[in-house]
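# Examination of the molecular architecture
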Amino acid sequence: MVTRRKLLKDLSALPVVGGLMGTGILYACEMDKTTEKPVARNLFEELGVTPVINAGVTMTFLSGSLMLPEVLEAINSTAHDFANMHELQDRIGEKIAEMLHCEAAMVTSGAACAMVLGTAATITGTDEKKRRELPYLPGARPEVIMQKSHRYVFDQAITTTGAKIVEVDGPAEMQQAINDNTVMTLFFNAAGKSSISHEEFVAISKRNNVPSFIDAAADVPPVENLFKFQKIGFDLITFSGGKMIRGPQSAGLLFGRKDLIEAAKLNHSPHEAPIGRPMKVNKEEMFGMYAALKSYLEKDHDKEWQSWLDRIERIKAQVETVSSVKGETHISPGPANAFPSMHVRWDQDKIKVRPRDVYNELKSGTPSIVSNVRRDGEEEMLSVGVVLLRPDQVDIVAGRLKEILLKAM
Ligand SMILES: *Cc1c(COP(=O)(O)O)cnc(C)c1O
C-alpha cells in the first residue's frame with residue numbers, strides 16, 4: 001500500500017504535479033527533511049518570473065484576470081476525475097444557455113477561438129466533408145460581411161477559416177454585398193463608430209437568411225450586456241472568459257442559435273481533425289468558466305462598483321498629500337473596459353517627472369506594478385486601474401506612487 005507520506009515523497013521529485021487525488025494538497029511540495037512536512041513552494045521564484053500587480057485593465061500579455069477563489073475551487077475539485085468531454089461540453093453549455101437566456105452555448109478557448117468556430121459553423125454546418133476540408137474548400141471563398149469601420153486586429157480569426165472579409169459602409173451597401181457565398185455577418189461591438197446600427201445589422205442579416213455574429217469580448221461590465229445581444233437578435237455572441245468575468249484567461253463563451261452551436265462543436269476538440277482542434281479547451285477550463293460566469297451573474301454589481309470608487313478615494317487620499325498632485329476618477333464610457341480608474345496629474349515644474357517616467361518606475365520597481373499612460377490632447381497623464389487589484393494591493397500601489405512622486409520633488 002502506498003501511504004500518503006510515501007506518495008508525497010515520491011512526487012516531490014517531480015517538477016509540478018497537478019491535483020494529487022485525495023491528499024487534500026493541491027500541488028506537490030518539497031518535504032522539509034527534519035519535520036517531514038511539505039514546504040510551500042514559490043514557483044515564481046523557482047522559475048525567476050516576476051509577479052506583477054495589475055494597476056491597468058485586463059491585458060492578455062499580463063495573463064488577463066485573476067481567477068476568483070470559487071473558480072480555482074471549481075478547477076481543483078474537478079481535476080481528480082476524468083470526464084467525457086462531449087458530455088461535459090453539452091451539460092455546461094445547457095446550463096450556460098439557461099443562465100444567459102439563449103438557445104445554446106459552449107466554452108471555447110477565448111473569444112478569438114469563438115470567432116473561428118462560429119465562422120466555421122456557418123461554413124460547414126454539419127457537413128463532415130467540409131469540416132475536413134477547411135480552410136481550403138473547393139470553389140469560391142466563403143464571405144463574411146463587416147462594416148469598414150469595424151475592421152480590427154481580431155478579424156484574422158475569421159479569415160483563419162478560409163473565409164474572406166467583405167467591407168461595407170451603410171445598410172444599402174450591406175444589402176447589396178450579400179450573395180450566395182455570404183456565410184455570416186460580423187459586428188464588432190466596441191468599434192468606435194458604426195454606419196449600421198445593431199438593430200439594422202440584424203434585420204438585414206435575417207432578411208437575407210445570413211447568421212449574424214457579434215464580438216463583445218471585453219464588454220462587461222455592465223452585466224446586462226451578457227443578455228443584450230440575443231435580445232436584439234444576433235445568432236452568435238462571444239465574450240472572453242478571462243477578462244472581467246474573471247474565468248480562466250484561456251476560456252471564452254460562444255452562445256446563440258442551437259444549430260450553429262452544434263456545428264461549432266463539431267469543428268472543435270475533442271474531435272480529432274477539424275480547424276478548432278488546436279484550440280482545445282480542457283475540463284478544468286470548462287468547470288472554471290462555468291463557475292466564473294455563475295458567480296459573475298450572482299454578484300452584487302452595485303456594491304462592487306462602489307468598492308472600485310472607494311479604492312480610488314483611498315489611493316487619491318495618499319497621493320494628494322504630495323504637493324500639486326491631483327487624482328481624478330475616470331469612468332471609461334466603454335463598451336470595452338467600462339469601469340472606473342484614476343487619472344493622476346501633477347505640476348511638472350514642481351515634480352520633475354513625466355507620467356511615462358512614473359509608469360516605468362512603477363513597472364521596474366519591487367513589486368512590479370503595471371499602470372497605463374493616457375493622452376488627453378497634448379497632455380499625458382498616468383492612469384491607475386483599481387479593478388484588478390487584490391484588496392491588499394491597493395495600499396501598496398498608493399504607497400509606491402506617492403514614494404516615486406515625492407522623490408522627484
Ligand atoms: C480580448 C478580445 C478578443 C480576444 O479574446 P480572447 O478571449 O483573448 O481570445 C477578441 N475581440 C475583442 C474585441 C477583444 O477585446
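What you are looking at is a predicted structure, and each value in this text was computed from that prediction instead of being measured.

## Considering the UniProt feature "modified residue: N6-(pyridoxal phosphate)lysine" (unreviewed entry) in the protein chain
UniProt's feature table lists "modified residue: N6-(pyridoxal phosphate)lysine" (unreviewed entry) at Lys243, given in the numbering used throughout. Tracing the sequence through the fold places Lys243 in the loop between β9 (236-240) and β10 (252-256).

## Regarding the site of the ligand
In the vicinity of the ligand, the contacting residues are Gly110, Ala111, Ala112, Phe154, Phe188, Asp215, Ala217, Ala218, Ser240 and Lys243. In the model, an oxygen atom of the ligand is placed 2.9 Å from a nitrogen or oxygen of the Ala112 main chain. Between the ligand and Ser240 there is a distance of 2.7 Å, counted from an oxygen atom to a side-chain nitrogen or oxygen. Here the ligand has 380 Å² of accessible area as a free molecule, and 84% of this is covered by the chains. Of the residues contributing to the shell around the ligand, the split by class is six nonpolar, two polar and two charged.

## With respect to the pairing of strand β8 (residues 212-215)
Of the two faces of β8, the one holding Ser212 and Ile214 and the one holding Phe213 and Asp215 are both buried throughout. Viewed along the sheet, the connection from strand β7 (residues 182-188) through helix α9 (residues 198-207) into β8 turns out right-handed. Sheet analysis places β8 next to β9, joined by three bridges and oriented parallel. Residue Ile214 lies in a different strand from β9, and its bridge partner there is Ile237. With helix α10 (residues 225-232) bridging β8 and the parallel β9, this β-α-β connection has right-handed handedness.

## As for the pattern of salt bridges
Counted under the stated rule, the structure contains 26 salt bridges. Between Glu361 and Lys407 there is a salt bridge; the shortest N-O distance is 2.2 Å. In this pair, Glu361 is assigned in helix α14 (residues 355-364) and Lys407 in helix α15 (residues 394-407), connecting sequence segments 46 residues apart. A residue is classified by how much of its surface remains accessible, and Glu361, at 24% relative accessible area, is partly exposed. Residue Lys407 is classed as exposed on the basis of its relative accessible area, which comes to 60%. In this structure, the salt-bridge partner of Asp392 is Arg390, at a minimum N-O distance of 2.8 Å. Overall, Asp392 belongs to the partly exposed group, its relative accessible area being 43%. For Arg390, a relative accessible area of 41% corresponds to the partly exposed category.

## Structural notes on the confidence of the model for the protein chain
It should be kept in mind that the predicted coordinates are not to be read in detail where pLDDT is low. Predicted confidence across the protein chain gives a mean pLDDT of 93, with 93% of residues reaching 70 or more. Below a pLDDT of 50 lies the segment residues 1-26, which in the model reaches 30 contacts outside its immediate sequence neighbourhood of four places, other chains included.

## Structural notes on the sheet that holds β9
In spatial order, the strands read β4-β10-β9-β8-β7-β5-β6; together these seven strands make up an open sheet with mixed pairing. Both outer strands of the open sheet, β4 (104-108) and β6 (164-168), are each paired with one neighbouring strand and no more. Sheet twist, expressed as the average angle between the axes of neighbouring strands with direction ignored, equals 25°. With respect to the sheet, α9 is in contact with β5 (143-147), β7 and β8, its orientation differing from that of β7 by roughly 175°. Most of the contacts of α10 go to β9, to which it runs at about 165°, and overall it touches β8, β9 and β10.

## Topic: the environment of Ala163
Counting through the fold element by element, Ala163 comes out in the loop between α7 (156-159) and β6. A sequence separation of 43 residues divides Ala163 from Ala120, and the C-alpha atoms of the two residues are 8.7 Å apart. Ignoring any residue separated from it by four or fewer positions in sequence, one finds Ala163 in contact with Thr119, Ile123, Arg141, Pro142, Val144 and Ile158.

## Some thoughts on the environment of Lys280
The residue Lys280 is located in the loop between α11 (258-266) and α12 (283-298) in this model. Judged by its relative accessible area of 46%, Lys280 is partly exposed. Through-space distance from the C-alpha of Lys280 to that of Thr60 is 18 Å; in sequence the pair is 220 residues apart. If sequence neighbours within four positions are ignored, Lys280 has contacts with Ser109, His268, Ser269 and Glu285.

## Section: a nonpolar patch on the surface
There is a patch of nonpolar side chains on the surface, built from Leu43, Phe44, Leu47 and Val49 and spanning about 370 Å² of accessible area. Checked against the element boundaries, Leu43 lands in helix α2 (residues 43-47). By relative accessible area, which is 34% here, Leu43 ends up partly exposed.

## A word on the environment of Ile237
Relative to the assigned elements, Ile237 resides in strand β9. The class for Ile237 is buried, based on a relative accessible area of 0%. For the pair formed by Ile237 and Ser212, sequence separation is 25 residues and the distance between their alpha carbons is 8.7 Å. With residues up to four places along the chain from it excluded, the contact list for Ile237 reads Ile214, Phe229, Gln230, Leu253, Leu254 and Phe255.

## Comments concerning the domain arrangement of the protein chain
By the assigned domains, the protein chain splits into domain 1 (67-298) and domain 2 (301-407). Computed from C-alpha atoms alone, the centre-to-centre distance between domain 1 and domain 2 is 35 Å. Of the roughly 800 Å² buried where domain 1 meets domain 2, counting both sides, 67% is carbon and sulfur surface. For the domain 1 face of the interface with domain 2, the top three residues by lost area are Ala218, Pro221 and Met244, together amounting to 52%. Remark: the boundary between domain 1 and domain 2 carries zero salt bridges.

## Topic: the pairing of β10
The element β10 is largely enclosed, with a buried count of five among its five residues. Residues of β10 alternate between two faces, with Gly252, Leu254 and Gly256 on one and Leu253 and Phe255 on the opposite face, all of them buried. For β4 and β10, the ladder comprises five bridges, and the chain directions are antiparallel. Each bridged residue has a counterpart across the sheet, and for Met106 the counterpart in β10 is Leu254. As paired elements, β9 and β10 share five bridges and run antiparallel to each other. In the sheet register, Ile237 faces β10, and the bridge partner there is Phe255.

Conventions we followed
- Residue positions within a chain follow its written sequence, with the count starting from 1.
- The predicted origin of the model limits local features to residues at a pLDDT of at least 70 and limits the giving and counting of side-chain atom pairs to 80 or more, whereas totals for whole chains, interfaces and linings rest on all residues.
- Only hydrogens and water are set aside; all other atoms, that is, all heavy atoms of the structure, feed into the side-chain values.
- UniProt positions are given in the numbering used here, feature names are shortened, and annotations may be inferred rather than shown by experiment.
- Helix and strand assignments follow DSSP, with helices taken as H or I runs no shorter than four residues and strands as E runs no shorter than two, numbered in order from the N terminus.
- The cutoff for a nearby residue is simple: one of its non-hydrogen atoms must lie within 4 Å of the molecule or strand.
- The term polar contact refers here to a pair of N or O atoms within 3.5 Å; inside protein, the definition further demands a hydrogen-donor-capable atom paired with an acceptor-capable atom, and it admits residues adjacent in sequence only when both atoms are side-chain atoms.
- Here the open area of atoms and residues is found with the Shrake-Rupley method and a 1.4 Å probe, where only the protein chains shown may cover a residue.
- Throughout, the ten residues Ala, Val, Leu, Ile, Met, Phe, Trp, Tyr, Cys and Pro are labelled nonpolar, Asp, Glu, Lys and Arg are labelled charged, and all others, Gly among them, are labelled polar.
- Think of it in three bands: residues with accessible area under 20% of the maximum for their type are buried, residues over 50% are exposed, and the middle band is partly exposed, with areas taken using a 1.4 Å probe on protein chains only.
- Orient the strands so they point away from the viewer; a crossover is then right-handed if the path from the first strand over the helix to the second runs clockwise.
- If DSSP finds at least two bridges between two strands, the strands pair.
- Any carboxyl oxygen of Asp or Glu that lies within 4 Å of a side-chain nitrogen of Lys or Arg is treated as forming a salt bridge with it.
- Per residue, pLDDT measures the predictor's confidence, with a range of 0 to 100.
- Should any heavy atoms of two residues lie within 4.5 Å, those residues are considered in contact.
- Convention adopted: a line fitted to C-alpha atoms gives each axis, helices being fitted over their contacting stretch, and angles between N-to-C directions are expressed from 0 to 180 degrees.
- Each patch is assembled from residues with relative accessible area greater than 30% and no salt bridge, linking like charges that lie within 9 Å and nonpolar side chains (Val, Leu, Ile, Met, Phe, Trp, Tyr) that lie within 5 Å.
- For the purposes of this description, domain bounds are those given by an automatic or database domain assignment.
- The quantity reported as buried area is the accessible area (1.4 Å probe) lost by two parts once they are put together, taken as the sum for both.

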